[in-house]
Structures are given as structure tokens and as C-alpha cells.
Amino acid sequence: MRTAVEIAGTGVTLVADRWAVPDGTESQGYALLLHGGGQTRHSWRTTGARLAASGWSALAVDMRGHGDSEWPSDGDYGTEALIADLRAVIATSTEKPVLIGASMGGMTSLIALGEDSTIARGLVLVDIVPQPDPDGIDEIIGFMQSGLDGFETLDHAAAAIGAYSPSQARRSSIDGLRKNLRLREGRWYWHWDPRLLGESNRAEKQSRQRYLRACAAAAAIRVPTLLVRGSRSHVVSHEGADELLSLIPSAERIDIADAGHMIAGDDNDQFCENLLSFLEREFPQKRR
């Protein structure tokens, strides 16, 4: 069963969906799901349900400035602010989670866990590495910027998604788009703060300092780690994936065929099957 909850972040109120394991099912653990920039917690709705059905309670959070979570008054979407929110969410439970983060959520998880090994017992990085391909990042930013003026109709929003990611367009429905857009003054706008694309936020995330910080964090990771890469990703190159595995030699890598950067949306069945296989293999202690 999915329920919406509010959680106090750092100066903002965050909204999340929680999935509990079915009655009579022994809990295998707790998974904390963090979406990518410009997405919302709804990108994990199928994954969260699959996790719960397999005995893993799940929590998918709208990160600050996204979805139903508050927009920070200062427009700060830097790494420190995102990590502070993550730590606040983790502190609401006595159980250490497995962190499952896509893109921005994955980078936040990687750095937070590498700098404090006590916060989680596992890490799943969904199409993100310390050095994302700059051309791929520019593509994402271009897509996000293209919708800043809103869309006349939901069909126009669907067409914009189709131009950026045909596989996403095939799987998107108008009802699904309603969860990620909001109607204001006759136009549909993506449900995230445009200040996310501000110069200071972008510069920090694309800086060499942040890359070096992510590398140092990765080198400190000692928990079971899985990198899930889309075979058609423009964000994680083979070289970027190889670098991550050199920094975390114990990490596993899986490439999802015919998936791009938005793996959970492109092929959720394959993503979930590989995720659950990893969890069962690495965390079998509660299995009977």
C-alpha cells in the first residue's frame, strides 16, 4: 500500500510516497529512492510497488524544489543542500536504507555515503557516475529549458518528451503527465523550480571540484554497490562506467538494453528484475 508522507528536510518540507510490505510478509529491508533532476517521486511508482511486493519497504522522496516538496527560499540546489535533506530523511528511520538514486539523486547518494559510511548499507546508482558525459548533460539541460515557458496542452508536453526520448513518449500517458506538470494561468508547467537551472547551481554541479569530490567519495565506498547503465545513455559513457568500477572495485555493473538515461521509465521490468536480483544476492540474511 502506498501512502504519502511529509518529512522535514533542511529548511524545506519534503513530500514522499511510502510503500509498506504486505501483511504477513517478512521485511527484507528498506529502500530509499531518489529521482533525477526535473523528475518527481512518481518516477519510482512502479519500482516502489515491486520492491514492497518483494519484501522491501520503500520510500520515494520529492527532492527539494520538485513535485510536492517545498522550494527553498534561497533557491539553493547545491550538493550540500541535497545531502543535508538526504541525511534528514535517513534520520527519520532507525533502519539503514539501501540508497537507490537516479542521476541527481544518485550523485547525492554517492557523495553522502562516501563521506559518511554510517548512513546506508547499500548503493544503487542509476545511470550516474562521477564524470557524466558533458554533451549528455547539455542535452538534459536543453530539454529542461525548452519547457520553462510551459505548454499549451498536455499533448504538446508529450510531443516535447517524444522529441527528447522516443521510448519515454511511447510509455507516457496523459494521466501520467498530470503528475509531473501543473496548470497555471492556462499553461502546463513542469513541477519543479526553474531556479534549479540557475547559473550557480549548474556551475557547482559541473565543476571539477564536484567531480574530484565524487571520485574521493566513490573510493571510500565499502557497501554493496550496483551501477545500472542504459545501453543508449548519453550521460554515462563506457569510460565513465569503467572509472567508477576502478574506484569501487567490488561494484557490479549492469547495462539495460535499449534504455537511455531514464532507465526506470524506459524499461522498468528489466530494471526491477536486476535491482531485486542484486538485493536478494547482497542482502540474503533475512531470507528463510
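Definitions and limits used
- Residues numbered from 1 in each chain as written.
- Predicted model: local features only at pLDDT ≥ 70, side-chain atom pairs only at ≥ 80, totals over all residues.
- Heavy atoms only, no water.
- Helix = DSSP H or I, 4+ residues; strand = E, 2+ residues; numbered from the N terminus.
- Contact = heavy atoms within 4.5 Å.
- Phe/Tyr/Trp six-rings, centres within 6.5 Å; stacked < 30°, edge-to-face > 60°.
- Buried < 20%, exposed > 50% of the residue type's maximum accessible area, 1.4 Å probe, protein only.
- Lys NZ or Arg CZ within 6 Å of the ring centre and 35° of its normal.
- Axes fitted to C-alpha atoms, helices over the stretch in contact; angles between N-to-C directions.
- Left-handed = near helix turned anticlockwise from the far one by under 90°.
- Nonpolar A, V, L, I, M, F, W, Y, C, P; charged D, E, K, R; others polar.
- Salt bridge = Lys/Arg side-chain N within 4 Å of Asp/Glu carboxyl O.
- Pairing = 2+ DSSP bridges.

## Some points on the side chain of T79
Next, step 1: By the secondary structure assignment, T79 is in helix 2 (residues 79-90).
Next, step 2: Contacts of T79, omitting those with residues within four sequence positions, involve I111, E204, R210 and R213.

## Describing the packing of aromatic side chains
Aromatic rings in a pair are described by how distant their centres are and how their planes are angled relative to each other.
Next, step 1: Scanning all chains against the criterion turns up five aromatic pairs.
Next, step 2: Between the aromatic rings of W56 and F283, the centroid separation amounts to 6.0 Å while the plane-to-plane angle is 70 degrees, which identifies the pairing as edge-to-face. Here F283 lies in the segment after helix 12 (268-282) and W56 lies in strand 4 (residues 56-61), a separation of 227 residues in the sequence. Comparing W56 with F283, the two get one shared label, buried.
Next, step 3: With 5.6 Å between their ring centres and 80 degrees between their planes, F151 and W190 make a pair best called edge-to-face. Highlighted residues: F151 in the loop between helix 4 (134-146) and helix 5 (154-164) and W190 in strand 8 (residues 187-190), separated in sequence by 39 residues. Grouping residues by exposure puts F151 and W190 together as buried.
Next, step 4: Three or more aromatic residues joined by ring pairs make a cluster, and in this case those are W56, F278 and F283.
Next, step 5: Across from the ring centre of Y189, 4.1 Å away, lies the NZ or CZ of R184, which sits over that ring.

## Overview of the packing of helix 1 (residues 45-53) against helix 12
Next, step 1: Interhelical geometry of helix 1 versus helix 12 gives an angle of 40 degrees and a closest axis separation of 10 Å. Like other packed secondary-structure pairs, helix 1 and helix 12 cross with a definite hand, here right-handed. Contacts from T46, T47, R50 and L51 in helix 1 reach N268, D269, F271, C272, E273, L275, L276 and L279 in helix 12.
Next, step 2: Looking at side-chain class alone, the contact of helix 1 with helix 12 contains six nonpolar, three polar and three charged residues.

## Examining the pattern of salt bridges
Next, step 1: Under the criterion given, the structure shown has 15 salt bridges.
Next, step 2: A network of salt bridges, in which partner residues are shared, links R2, D17, R41, D62, D68 and R182.

## What about the sheet that holds strand 1 (residues 2-8)?
Next, step 1: Read across the sheet, eight strands follow the order 1-2-4-3-5-6-9-10 without closing on themselves; strand pairing throughout is mixed. The strands lining the two open edges of the sheet, one partner per strand, are strand 1 and strand 10 (252-256). Neighbour-to-neighbour, the strand axes of this sheet turn through a mean angle of 20 degrees, independent of strand direction.
Next, step 2: Alignment of strand 3 (residues 29-34) against strand 4, held across six bridges, turns out to be parallel. The residue bridging L33 from the neighbouring strand is A60, located in strand 4.

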